[in-house]
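Chain and residue survey
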Amino acid sequence: MLKTLLIEIGFIQETLCLVLQKDLKITPHPLCTPSVWVSPVDEITEGSSVTLTCSSDANRAAKYTWYRKNQTLSSEGAQLVFSSIQSSDSAEYQCAAENQLGRRESKPVFIHVQYAPRLPSVSVSPSAEIVEGSSVTLTCSSDANPAANYTWYKENEDSPLASGQIFTITDVRAEHSGNYYCEAKNTRGRHNSTFTLTVMSASISNISRITLGLLMILLLLLLILWRRKKDIMEAEPAEAMELNSDPAYGNISAVTAAQREDRGAGRCCMKSSAHEDENSSEEFNCNKERICLLPSLFNSGTGSE
């Protein structure tokens, strides 16, 4: 109800504006709703020059504002000019005229920019390896205005294989392997994209699966071995700490250190005999003092138990 009332009020205002301006020629008169004129009026092609003109019958100078999808543009004149219009400029435009007597907005005008197909993209389903006897579906896609028509070709073959965006091979054979291309075409131009289709025999496919399975088993075994080695290495420090806490192990460690010290000095302990000279006897006696520590070390360890 409210919408209908607003439309009727708008119609009355426009009628009054035209009567005052044209029929009665009364000035100043209310600001009439502006109109947007597009030049050229025919199809708009990407790269061409396009001019939008905001027309208002205001008898007092008006200020114009341009909008694209309800967003204000920088241009403030009565004309909005595209010197080389692009596909991204396709949108809804409108203008507003404003002076001391009021402000009115035009009805929106949609600009359709036509352009040739972009480079097509081809998708293959299934995306995994294609085996003989299976089915494969090829899909070609391209951005174009007007919408593109698609044709499928195989390299070195003149006649097309199929037309349409989707091309399906229901029973794939080895001879289907090769280079294909999809052509996208409309009234503004054409573009094609090449891709390679590889068909694998069933026997090779089985060998590949077996090889993959063996590799997975090998990796699993290596992981198990690595885990065991890691556990052993983590357990060794704990065992060493237990041995160090044992008194008997401490005594043995001390003896071992003394023996290493003797070997490091290059001395040997030998029995003294009646034929030995005094220097040899002194060396033996000197080293004997260290070796005689052994009973005392073990005795002290025994006594502590």
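Predicted, not measured: the structure shown is a model, and the values here were computed from it.

Our focus in this paragraph is the pattern of salt bridges. This structure, assessed with the given rule, holds six salt bridges. For arginine 188, the salt bridge is made with glutamate 43, and the minimal N-O distance between the two is 2.6 Å. Taken together, the residues arginine 188 in the loop between strand S17 (178-186) and strand S18 (189-197) and glutamate 43 in the loop between strand S1 (35-39) and strand S2 (44-45) connect sequence positions 145 residues apart. Given a relative accessible area of 32%, arginine 188 falls into the partly exposed group. Glutamate 98 serves as the salt-bridge partner of arginine 103, at 3.7 Å between the closest nitrogen and oxygen. Here arginine 103 falls in the partly exposed class, since its relative accessible area comes to 37%.

This next bit is on the state of the cysteines. Following the criterion strictly, the structure yields two disulfides and no others. Note on cysteine connectivity: cysteine 54 is disulfide-linked to cysteine 95, with sulfurs 2.0 Å apart. Disulfide cysteine 54-cysteine 95: the torsion about the S-S bond is 70°, which places it as right-handed. Here cysteine 54, found in strand S3 (residues 50-55), pairs with cysteine 95, found in strand S7 (residues 91-99); they are 41 residues apart in sequence, far enough to count as distant. Accessibility assignment for this pair places cysteine 54 and cysteine 95 in one class, buried.

The subject of this paragraph is the sheet that holds S3. Spatially, S1-S3-S6 is the arrangement adopted by the three strands of the open sheet, whose pairing is antiparallel. Where the open sheet ends on each side, the last strands, each with one partner, are S1 and strand S6 (79-82). Strand-to-strand, the axes of this sheet are offset by a mean angle of 15°, without reference to chain direction. Direction of pairing for S3 relative to S6: antiparallel, over a ladder of four bridges. Within S6, the position partnered with threonine 53 by the bridge is glutamine 79.

Cut-offs used in this document
Residues numbered from 1 in each chain as written. Predicted model: local features only at pLDDT ≥ 70, side-chain atom pairs only at ≥ 80, totals over all residues. Heavy atoms only, no water. Salt bridge = Lys/Arg side-chain N within 4 Å of Asp/Glu carboxyl O. Helix = DSSP H or I, 4+ residues; strand = E, 2+ residues; numbered from the N terminus. Buried < 20%, exposed > 50% of the residue type's maximum accessible area, 1.4 Å probe, protein only. Disulfide = S-S within 2.5 Å. Pairing = 2+ DSSP bridges. Axes fitted to C-alpha atoms, helices over the stretch in contact; angles between N-to-C directions.

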